[in-house]
Amino acid sequence: MHSTDKPAVATDIVVLTSATVLLWIAVAFSAPLYFAPTQDDGQYLTQVLGLRYFGVVGIPYIDTIQRHFVVLPGYSYLSAYGLSFLNSLGWPLGASTYRVIPLFFVACIPLALLALARLAGLRDWLLRGLIFVAILSLTPFVLDHLALRPEPFGVLLTILAMFALVAGEQQARPARRLLLAGSGAFALGCAATLHPTFVV
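Residues numbered from 1 in each chain as written. Predicted model: local features only at pLDDT ≥ 70, side-chain atom pairs only at ≥ 80, totals over all residues. Heavy atoms only, no water.

### Re the nonpolar core
One broad trend across soluble globular proteins is that nonpolar side chains are buried collectively. Y75 and L148 are the most contacted members of the largest nonpolar core, which totals 19 residues. What Y75 contacts, discounting residues up to four positions off in sequence, is Y44, V48, P102, L148, R149, P150, F153, T193 and L194. Core analysis: the next-biggest nonpolar cluster, separate from the first, contains 16 residues, W24, C108, I109 and L116 among them. (Core = buried A, V, L, I, M, F, W, Y, C linked by side-chain atoms within 4.5 Å. Buried < 20%, exposed > 50% of the residue type's maximum accessible area, 1.4 Å probe, protein only. Contact = heavy atoms within 4.5 Å.)

What follows is the structure in C-alpha coordinates.
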(Lines give C-alpha, C1' and ligand atoms only; values in the text may rest on other atoms or scores of the structure.)
Protein backbone atom coordinates (compact mmCIF):
# COMPACT_ATOMS: atom_id res chain seq x y z
CA MET A 1 0.00 0.00 0.00
CA HIS A 2 2.73 2.42 0.99
CA SER A 3 4.93 1.51 -1.96
CA THR A 4 2.19 2.51 -4.39
CA ASP A 5 1.31 5.74 -2.57
CA LYS A 6 4.79 7.31 -2.45
CA PRO A 7 5.42 7.51 -6.22
CA ALA A 8 1.93 8.95 -6.70
CA VAL A 9 2.56 11.60 -4.06
CA ALA A 10 5.96 12.42 -5.55
CA THR A 11 4.44 12.72 -9.01
CA ASP A 12 1.71 15.01 -7.69
CA ILE A 13 4.32 17.27 -6.08
CA VAL A 14 6.33 17.43 -9.32
CA VAL A 15 3.24 18.31 -11.34
CA LEU A 16 1.95 20.85 -8.81
CA THR A 17 5.34 22.51 -8.35
CA SER A 18 5.93 22.67 -12.11
CA ALA A 19 2.47 24.12 -12.71
CA THR A 20 2.96 26.72 -9.95
CA VAL A 21 6.36 27.82 -11.26
CA LEU A 22 5.08 27.98 -14.85
CA LEU A 23 2.11 30.04 -13.66
CA TRP A 24 4.50 32.39 -11.84
CA ILE A 25 6.55 32.80 -15.04
CA ALA A 26 3.42 33.32 -17.18
CA VAL A 27 2.11 35.99 -14.80
CA ALA A 28 5.49 37.74 -14.87
CA PHE A 29 5.87 37.91 -18.64
CA SER A 30 2.24 38.78 -19.29
CA ALA A 31 2.37 41.66 -16.79
CA PRO A 32 2.83 44.40 -19.45
CA LEU A 33 -0.55 43.37 -20.88
CA TYR A 34 -2.54 44.02 -17.72
CA PHE A 35 -0.32 45.78 -15.14
CA ALA A 36 -0.34 49.54 -15.63
CA PRO A 37 2.91 51.49 -15.13
CA THR A 38 3.36 53.07 -11.72
CA GLN A 39 5.31 56.09 -10.51
CA ASP A 40 8.19 53.71 -9.75
CA ASP A 41 8.40 52.89 -13.44
CA GLY A 42 8.93 56.55 -14.23
CA GLN A 43 11.42 57.14 -11.43
CA TYR A 44 13.63 54.14 -12.14
CA LEU A 45 13.26 54.08 -15.93
CA THR A 46 14.35 57.70 -16.33
CA GLN A 47 17.56 56.95 -14.44
CA VAL A 48 18.16 53.84 -16.54
CA LEU A 49 17.68 55.84 -19.73
CA GLY A 50 19.89 58.62 -18.40
CA LEU A 51 22.71 56.14 -17.85
CA ARG A 52 22.02 54.34 -21.12
CA TYR A 53 22.07 57.43 -23.34
CA PHE A 54 24.02 60.03 -21.32
CA GLY A 55 26.38 57.87 -19.27
CA VAL A 56 25.22 59.50 -16.01
CA VAL A 57 22.84 58.21 -13.33
CA GLY A 58 20.27 60.94 -13.58
CA ILE A 59 17.04 62.11 -15.13
CA PRO A 60 17.01 63.36 -18.74
CA TYR A 61 15.54 66.85 -18.91
CA ILE A 62 15.17 68.42 -22.38
CA ASP A 63 18.75 68.25 -23.72
CA THR A 64 20.53 67.97 -20.37
CA ILE A 65 20.80 65.41 -17.59
CA GLN A 66 19.97 66.12 -13.95
CA ARG A 67 21.96 63.95 -11.56
CA HIS A 68 19.79 61.94 -9.22
CA PHE A 69 20.99 60.47 -5.92
CA VAL A 70 17.71 59.47 -4.27
CA VAL A 71 18.08 55.74 -4.98
CA LEU A 72 21.10 53.44 -5.05
CA PRO A 73 22.74 53.17 -8.49
CA GLY A 74 23.08 49.39 -8.85
CA TYR A 75 19.67 48.94 -10.44
CA SER A 76 20.32 51.63 -13.03
CA TYR A 77 23.61 50.04 -14.08
CA LEU A 78 22.25 46.50 -14.33
CA SER A 79 19.19 47.63 -16.28
CA ALA A 80 21.16 49.92 -18.59
CA TYR A 81 23.62 47.14 -19.46
CA GLY A 82 20.72 44.75 -19.98
CA LEU A 83 18.92 47.17 -22.30
CA SER A 84 22.15 47.75 -24.21
CA PHE A 85 22.51 44.00 -24.67
CA LEU A 86 18.93 43.70 -25.93
CA ASN A 87 19.47 46.64 -28.29
CA SER A 88 22.54 44.92 -29.70
CA LEU A 89 20.31 41.93 -30.52
CA GLY A 90 17.86 44.20 -32.33
CA TRP A 91 15.30 44.27 -29.52
CA PRO A 92 13.39 47.58 -29.68
CA LEU A 93 12.96 49.63 -26.54
CA GLY A 94 9.33 50.67 -26.17
CA ALA A 95 6.38 50.94 -23.81
CA SER A 96 5.78 47.17 -23.89
CA THR A 97 9.41 46.02 -23.77
CA TYR A 98 11.23 48.14 -21.18
CA ARG A 99 10.17 45.77 -18.37
CA VAL A 100 11.49 42.61 -20.03
CA ILE A 101 14.71 42.45 -18.00
CA PRO A 102 13.10 42.99 -14.55
CA LEU A 103 10.36 40.47 -15.37
CA PHE A 104 12.99 37.97 -16.49
CA PHE A 105 14.58 38.20 -13.05
CA VAL A 106 11.15 37.84 -11.42
CA ALA A 107 10.57 34.67 -13.44
CA CYS A 108 13.95 33.26 -12.38
CA ILE A 109 13.35 33.61 -8.62
CA PRO A 110 11.48 30.30 -8.03
CA LEU A 111 13.82 28.46 -10.41
CA ALA A 112 16.86 29.71 -8.52
CA LEU A 113 15.37 28.74 -5.18
CA LEU A 114 14.52 25.23 -6.41
CA ALA A 115 18.10 24.85 -7.63
CA LEU A 116 19.41 26.03 -4.25
CA ALA A 117 17.17 23.61 -2.32
CA ARG A 118 18.28 20.72 -4.51
CA LEU A 119 21.96 21.64 -4.27
CA ALA A 120 21.72 21.88 -0.49
CA GLY A 121 20.38 18.33 -0.40
CA LEU A 122 17.19 19.31 1.42
CA ARG A 123 14.61 16.57 1.75
CA ASP A 124 11.47 17.18 -0.28
CA TRP A 125 13.14 20.10 -2.06
CA LEU A 126 10.32 20.25 -4.63
CA LEU A 127 7.75 20.57 -1.86
CA ARG A 128 9.84 23.27 -0.20
CA GLY A 129 9.97 25.17 -3.50
CA LEU A 130 6.22 24.87 -3.87
CA ILE A 131 5.67 26.20 -0.34
CA PHE A 132 8.10 29.05 -1.03
CA VAL A 133 6.24 30.20 -4.15
CA ALA A 134 2.89 29.84 -2.39
CA ILE A 135 4.02 31.93 0.60
CA LEU A 136 5.76 34.46 -1.64
CA SER A 137 2.48 34.93 -3.49
CA LEU A 138 0.86 36.04 -0.23
CA THR A 139 3.50 38.59 0.76
CA PRO A 140 3.63 42.31 -0.06
CA PHE A 141 6.39 41.44 -2.55
CA VAL A 142 3.84 40.46 -5.19
CA LEU A 143 2.09 43.80 -4.89
CA ASP A 144 4.93 45.66 -6.60
CA HIS A 145 7.29 43.06 -8.06
CA LEU A 146 5.74 43.49 -11.50
CA ALA A 147 6.51 47.21 -11.45
CA LEU A 148 9.94 48.58 -12.28
CA ARG A 149 11.63 48.13 -8.91
CA PRO A 150 15.00 46.75 -7.76
CA GLU A 151 13.70 44.21 -5.24
CA PRO A 152 13.43 41.27 -7.69
CA PHE A 153 17.05 41.85 -8.73
CA GLY A 154 18.13 41.83 -5.10
CA VAL A 155 16.13 38.73 -4.18
CA LEU A 156 17.56 36.78 -7.10
CA LEU A 157 21.12 37.91 -6.44
CA THR A 158 20.77 36.94 -2.77
CA ILE A 159 19.58 33.45 -3.73
CA LEU A 160 22.41 33.12 -6.25
CA ALA A 161 24.89 34.21 -3.57
CA MET A 162 23.66 31.46 -1.26
CA PHE A 163 23.82 29.00 -4.16
CA ALA A 164 27.46 29.89 -4.82
CA LEU A 165 28.38 29.59 -1.13
CA VAL A 166 26.70 26.19 -0.77
CA ALA A 167 28.31 24.97 -3.99
CA GLY A 168 31.68 26.20 -2.76
CA GLU A 169 31.40 24.22 0.45
CA GLN A 170 30.84 21.07 -1.59
CA GLN A 171 34.04 21.52 -3.61
CA ALA A 172 37.17 19.60 -2.66
CA ARG A 173 39.65 21.87 -4.43
CA PRO A 174 40.49 25.07 -2.48
CA ALA A 175 40.74 27.14 -5.67
CA ARG A 176 37.17 26.29 -6.68
CA ARG A 177 35.92 26.91 -3.16
CA LEU A 178 37.56 30.31 -3.13
CA LEU A 179 36.20 31.18 -6.58
CA LEU A 180 32.63 30.23 -5.65
CA ALA A 181 32.88 32.00 -2.29
CA GLY A 182 34.12 35.12 -4.06
CA SER A 183 31.31 34.88 -6.59
CA GLY A 184 28.76 34.61 -3.80
CA ALA A 185 30.23 37.59 -1.99
CA PHE A 186 30.20 39.59 -5.23
CA ALA A 187 26.52 38.74 -5.88
CA LEU A 188 25.61 39.70 -2.31
CA GLY A 189 27.55 42.94 -2.69
CA CYS A 190 25.69 43.73 -5.92
CA ALA A 191 22.39 43.13 -4.14
CA ALA A 192 23.40 45.66 -1.49
CA THR A 193 23.80 48.32 -4.19
CA LEU A 194 20.21 47.88 -5.37
CA HIS A 195 18.12 48.79 -2.35
CA PRO A 196 18.72 49.58 1.36
CA THR A 197 16.72 46.44 2.24
CA PHE A 198 19.60 44.26 1.07
CA VAL A 199 22.15 46.29 2.98
CA VAL A 200 20.35 45.28 6.17
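### Observations concerning the environment of V71
Positionally, V71 belongs in the loop between β2 (64–67) and α4 (74–88). Separated by 122 residues in sequence, V71 and T193 place their C-alpha atoms 9.4 Å apart. Here V71 is in contact with Q43, Y44 and Q47, once residues within four sequence places are set aside. (Helix = DSSP H or I, 4+ residues; strand = E, 2+ residues; numbered from the N terminus.)

### Structural notes on the packing of helix α3 (residues 39–54) against α4
For the pair α3 and α4, interaxial distance at closest approach is 8 Å and the crossing angle is 60°. Viewed along their axes, α3 and α4 adopt a mutual orientation that is oblique. Where α3 crosses over α4, the handedness of that crossing is right-handed. Mapping the contact onto sequence places Y44, Q47, V48, L51, R52 and Y53 in α3 and Y75, S76, Y77, S79, A80, L83, S84 and N87 in α4. Its residues assigned to classes, the contact of α3 with α4 shows eight nonpolar, five polar and one charged. (Axes fitted to C-alpha atoms, helices over the stretch in contact; angles between N-to-C directions. Parallel < 35°, antiparallel > 145°, perpendicular 65-115°, else oblique. Left-handed = near helix turned anticlockwise from the far one by under 90°. Nonpolar A, V, L, I, M, F, W, Y, C, P; charged D, E, K, R; others polar.)

### A word on the packing of helix α8 (residues 151–169) against helix α9 (residues 174–192)
Relative to each other, α8 and α9 sit at 165°, their axes nearing to 8 Å. Taken as axis vectors, α8 and α9 run roughly antiparallel relative to one another. Between α8 and α9 lies a crossing of left-handed hand. Here G154, L157, T158, A161, A164, L165, A167, G168 and E169 of α8 lie close against α9, whose contacting residues are R177, L180, A181, S183, G184, A187, L188, C190 and A191. A per-class count over the contact of α8 with α9 returns eleven nonpolar, five polar and two charged.

### A short note on the environment of A112
Structurally, A112 is set in helix α5 (residues 100–119). Taking the relative accessible area as the measure of exposure, A112 reaches 12% and is therefore buried. Separated by 17 residues in the primary sequence, A112 and G129 place their C-alpha atoms 9.7 Å from one another. Non-local contacts of A112, meaning those with residues more than four positions away in its chain, are made with L156, I159 and L160.

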